[in-house]
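Notes for the structure review
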Amino acid sequence: MAIKIAVLVGSWFHMSALGFRYVAAAACIAFGLVVLESVAGPAEVAQIKSRQDKLRDMGGALKAINDELKKRRIDWDNTVVPNAQTIKDRSGYLLNWFPRGSGPESGVKTYALPAIWQNNDDFVTLGKLAQVEAAKLNQVALSKDANALKAQVEAMGKACKACHDGYRSPDSEKEDEN
Amino acid sequence: MTSTESRMDAALAGTAELRVWDLPVRIMHWSLVIGIGICWWTGLHNELEYHLYSGYAILWIVLMRLYWGLVGSSTARFVNFVRGPKAILDYASTLHRRDTPHTHGHNALGAISIVLMMGLVLAVVILGLFAVDVDGLHSGPLSGYVTFKQGRHLAHLHYYWFTILLWVIALHLAAVIFYFIYKRKNLIGPMISGKRRGDVGDTEMKIAPLWRLAIGAVVATAIVWAVSIGFYF
Ligand code: HEM
């Protein structure tokens, strides 16, 4: 699409024979268009959608464990262990889901804030802290100790919150997810 | 005696301090104001631990107010102020006049905003009970009965209906200001002191006994407690 525009724009300037400078300018504009389109290209849309899906899986997994605590009837083997595993696996990849360019500037609806790429070291630190808590959650799930689970679910949630508070726009600005 | 005082005396002749709002109504009103403010702030700042506590407090107050609307003092009771469409239109048609008599208790239009506000607060609270938080840390106590997706949807509706509630509250405040500036009637003072100046011989408020309030408090506390543990006894 952008290539076609580039060719069109380029040949229009060429035909009007306005000289090399205009052709060069047109080439620059065309290049800009190509870059712009590549930012919001289908790959980025898919990436942002898929990371939101995976984050929702993580949220669902943490909720499932929380629900067991609420019900005070904990099904370790069928609920706690597999969901703790999901959180651990997913949080291991989490930091790969935020390549530069996948923020709001992509034009895709995302609640990822530009601060992720401005304070990237801090973002990465928070991501790694969450990985540590997720690994602990996994161990506690295998230990089947209800009190330890309660404490670790809270620690896990705090690690998620710490990152969301700084790097995700508040829910009040969020549209309903479909 | 100064001339201002004598003019005041003349104006006040034939009037008396009438009791209009009993203590429970006033306390419930102002604690709702504070509670909604706290819920608003803690909700927007993701301080959900405190948000849940203030939310439970609001649930408790609303339950108490509904109960008091059935068995409380005369001006608190719904049967005494909720009117039909004709009475509302009649009242609305006198709104531009400054010489209308003061309604003892809520007027017909004010009653609409009370019912709307109560309904909306209750709706917001119920949605909050089922809301799922992104952090998975402090979801509503009843969120175990819905899926993650449904709970996120309800969290969104919780916020949406809260913004509608804010508009109705704004309307309520605008009406109070209108009465103060245009109709020269101070509605805020009576909601603090419980009394207003009125003509001698106006009907007085019938006060309900406090033991009745105590019964409601026990029941409301039991309900809020059961909700807070998600009915998982
Ligand atoms: C009149 C009372 C209440 C008001 C005014 C209120 C207001 C709010 C506001 C403004 C938010 C932020 C919305 C957002 O960022 O999406 C929020 C979120 C939330 N509220 Fe309430 N709330 C009330 C009662 C409750 C109650 C009773 C509960 C449950 C016990 C509750 C549970 C929640 C939860 C779990 C969230 C987080 C949702 C999320 O993370 O998206 N709320 N509330």
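Residues numbered from 1 in each chain as written. Chains lettered and ligands numbered in written order. Predicted model: local features only at pLDDT ≥ 70, side-chain atom pairs only at ≥ 80, totals over all residues. Heavy atoms only, no water.

Observations regarding the layout of surface pockets
All names here are of chain B. There is about 1,300 Å³ of room inside the largest pocket. Every element with two or more residues in the lining of the largest pocket is listed here: helix H2 (23–44), helix H6 (108–130), helix H7 (148–181) and helix H8 (188–193). The biggest single contributor to the lining of the largest pocket is H7, with eleven residues. In terms of residue class, the lining of the largest pocket is made up of 33 nonpolar, eleven polar and four charged. (1 Å grid on protein atoms, 1.4 Å probe; cavity = no way out; pocket = protein on both sides within 12 Å on 5 of 7 lines; lining within 4 Å. Points joined across faces, edges and corners; volume = space filled by probe spheres on them. Helix = DSSP H or I, 4+ residues; strand = E, 2+ residues; numbered from the N terminus. Nonpolar A, V, L, I, M, F, W, Y, C, P; charged D, E, K, R; others polar.)

Details of the nonpolar core
Counting 36 residues, the largest nonpolar core has B:Leu32, B:Ile36, B:Ile58, B:Trp68 and B:Val121 as the members making the most contacts within it. Of the residues forming this core, the biggest block, nine residues, is contributed by H6(B). Leave out the neighbours within four places in its chain, and B:Ile58 touches B:Leu32, B:Gly35, B:Ile36, B:Cys39, B:Val121 and B:Val125. Among the nonpolar cores identified, the runner-up in size contains 18 residues, and A:Ala61, A:Leu69, A:Leu137 and A:Ala141 belong to it. (Core = buried A, V, L, I, M, F, W, Y, C linked by side-chain atoms within 4.5 Å. Buried < 20%, exposed > 50% of the residue type's maximum accessible area, 1.4 Å probe, protein only. Contact = heavy atoms within 4.5 Å.)

A look at the pattern of salt bridges
Residues and elements named next belong to chain A. What the rule picks out here adds up to eight salt bridges over all chains. For Lys 161, the salt bridge goes to Asp 165, with nearest N and O atoms at 2.7 Å. Of this pair, Lys 161 and Asp 165 both sit in helix H7 (residues 146–167), four residues apart, which is roughly one turn of that helix. (Salt bridge = Lys/Arg side-chain N within 4 Å of Asp/Glu carboxyl O.)

Quick word on the state of the cysteines
Residues and elements named next belong to chain A. Taken as a whole and judged by the stated rule, the model has zero disulfides over all chains. Free of any disulfide, Cys 160 has its nearest neighbouring cysteine sulfur in Cys 163, separated by 8.9 Å. Owing to a relative accessible area of 15%, Cys 163 belongs among the buried residues under this scheme. (Disulfide = S-S within 2.5 Å.)

Some points on the site of the ligand
Close to the ligand lie 25 residues; A:Asp171, B:His51, B:Gly128, B:His158 and B:Phe162 are nearest. More than one chain lines the surroundings of the ligand; the residues nearby belong to chains A and B. Within the side chain of B:His51, an N or O atom sits 2.7 Å from a nitrogen atom of the ligand. Separating a nitrogen atom of the ligand from a side-chain N or O atom of B:His158 is a distance of 2.7 Å. Elements with a contribution of two residues or more to the shell around the ligand: H2, helix H3 (48–71), H6 and H7 of chain B. Tallying contributions element by element places H3(B) first for the shell around the ligand, with six residues. Of the residues that constitute the shell around the ligand, the class distribution is 14 nonpolar, eight polar and three charged. (Near = heavy atom within 4 Å. Polar contact = N/O pair within 3.5 Å; in protein donor to acceptor, adjacent residues only side chain to side chain.)

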